[in-house]
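# Architecture and fold: a report
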Amino acid sequence: MTQTGSRPPLLSVGNVLLVCNDADAIGVLTEAVQQFALSLDVRREVEGTGNILAHQKFEAVIVDIELGQGAGTVLREVRLSSSNQTAVTFTITGRNAGRESGLSVGSMFKFVRPLSIDSVSLTLKAAYGLIVRERRRYFRCPVAVGSTLRTTEYPEIKCETVNIGEGGMGLTTSHPFKPREQAMVQFTLPGEPSQFSAELEVCWCDQSGCLGVRFLALSAQQKSGLREWLSVRFEESLPERVAIQFRKSAAKR
């Protein structure tokens, strides 16, 4: 039995890391991002941001060039982070952009001082489609449907999906698995007419029977179909004013 339920809207469309110790800039950015349903994590020092980037997923990262060489360090750490290397990056610059250009390497957008709600919002609007798409890439849709795993030793292992994303899914089963074990999974996505089959590898498992798995190989048709299915579910979880912007950005792809 399918149990998708009525999921509550996302409280935040994206998580944004702001590395800045300028109180005025922090105030303007805090107010501006709220208009776009984004949540802001403010760090006033460069030290420790590498550890944060290694353990948290951000859809966007904003760095103040006034932090000097540390700003360049943060941008490099973003690109070296396995989960944040595709995050949308911004720098806060002064009017002398030429002198600061070396520190902005790796930045996709710029907020130019003096900052105002209007100027920051204009830049965020230009980048918003990228931020939302970045969130969708890592979106895991909660869905509970019966599924079957097959290994070389066991032709039929009953399990249930917990969530699914473009790169993998969460499962529960009474069968004991170990990390790096491989299997074939079969299930039917809610609303889809055909069965979904894919090879997978166990990334992690616990004693309660929960598994985190990644897909090893999907056909172009499977990738396209799964991406479209997830896009619809992702849009359903967005506040309406944000969903409108998402539809606009999706139409441009």
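The structure under discussion appears in the preceding block.
Treat the numbers as computed from the prediction; the structure is a model and nothing was measured.

## Some points on the overall build of the chain
Within the chain, the regular secondary structure consists of 7 helices and 12 strands. Across the 253 residues that make up the chain, the buried fraction comes to 46%. When the accessible area of the chain is evaluated, it comes to approximately 13200 Å², of which 50% is carbon and sulfur surface.

## Remarks on the pairing of strand β10 (residues 182–187)
Only one face of β10 is covered, namely the one carrying A183, V185 and F187; the face carrying Q182, M184 and Q186 has none of its residues buried. Pairing analysis gives 3 bridges linking strand β7 (residues 146–150) to β10, with the strands arranged antiparallel. Residue pairing in the sheet places R150 in a bridge with M184 of β10.

## Regarding the sheet that holds strand β1 (residues 14–19)
On the basis of which strands lie adjacent, the open sheet formed by 5 strands has the order β2-β1-β3-β4-β5 and parallel pairing. Edge positions in the sheet fall to β2 (38–43) and β5 (109–112), since each has one partner strand and no second. Direction aside, the axes of adjacent strands within the sheet are offset by 20° on average.

## A closer look at the packing of aromatic side chains
Using the criterion set out here, one finds 6 aromatic pairs in the structure. Relative to F111, the ring of F90 has its centre 5.0 Å away and its plane inclined at 5°; by these criteria the two rings are stacked. Taken together, the residues span a long stretch of sequence, with F90 in strand β4 (residues 88–93) and F111 in strand β5 at a distance of 21 residues. Residue classification places F90 among the buried positions, given a relative accessible area of 1%. Look at F111 and you get buried, because its relative accessible area is 1%. Taken together, a centroid distance of 5.2 Å and an interplanar angle of 35° make the contact between F187 and F196 tilted. You'll find F187 and F196 in the same group, each marked buried. Of the aromatic side chains, those joined through ring pairs into one cluster are F90, F109 and F111.

## With respect to the packing of helix α1 (residues 23–34) against helix α5 (residues 117–137)
Any two packed helices are characterised by how steeply their axes cross, that is the angle between the axes, and by the distance between the axes. Close contact between α1 and α5 brings their axes to 9 Å; oriented N to C, the two are set at 50°. What the angle tells us is that α1 and α5 run oblique. Crossing handedness for the pair α1 and α5: right-handed. Between α1 and α5, the contacting residues are V28, L29, E31, A32 and V33 on the first element and I117, V120, S121 and L124 on the second. In the contact of α1 with α5, the residues fall into 7 nonpolar, 1 polar and 1 charged.

## Remarks on the packing of α5 against helix α6 (residues 220–236)
Closest axis-to-axis distance for the α5/α6 pair is 10 Å, and the angle between their directions is 115°. When the interaxial angle is binned, α5 and α6 end up roughly perpendicular. For the crossing formed where α5 meets α6, the hand is right-handed. For the pair formed by α5 and α6, the contact residues are V132, R135 and R136 on the first element and R227, S231 and F234 on the second. Counted by class, the contact of α5 with α6 contains 2 nonpolar, 1 polar and 3 charged residues.

## Thoughts on the environment of E160
Within the secondary structure layout, E160 lies in strand β8 (residues 157–164). Between the alpha carbons of E160 and V143 there is a distance of 9.2 Å; along the sequence they are 17 residues apart.

## Concerning the nonpolar core
F90, F111, L149 and I164 are the most contacted members of the largest nonpolar core, which has 55 residues in total. Every residue in contact with I164, bar those within four places of it in the chain, is listed here: F139, R140, C141, V143, M169, F187, L189, F215, L226, W229 and L230. Counting residues in each nonpolar core, the second largest holds 14 residues, with F58, V61, L75 and V78 among its members.

Cut-offs applied
- Residues numbered from 1 in each chain as written.
- Predicted model: local features only at pLDDT ≥ 70, side-chain atom pairs only at ≥ 80, totals over all residues.
- Heavy atoms only, no water.
- Helix = DSSP H or I, 4+ residues; strand = E, 2+ residues; numbered from the N terminus.
- Buried < 20%, exposed > 50% of the residue type's maximum accessible area, 1.4 Å probe, protein only.
- Areas by Shrake-Rupley, 256 points an atom, 1.4 Å probe, with all protein chains shown as cover.
- Pairing = 2+ DSSP bridges.
- Axes fitted to C-alpha atoms, helices over the stretch in contact; angles between N-to-C directions.
- Phe/Tyr/Trp six-rings, centres within 6.5 Å; stacked < 30°, edge-to-face > 60°.
- Parallel < 35°, antiparallel > 145°, perpendicular 65-115°, else oblique.
- Left-handed = near helix turned anticlockwise from the far one by under 90°.
- Contact = heavy atoms within 4.5 Å.
- Nonpolar A, V, L, I, M, F, W, Y, C, P; charged D, E, K, R; others polar.
- Core = buried A, V, L, I, M, F, W, Y, C linked by side-chain atoms within 4.5 Å.

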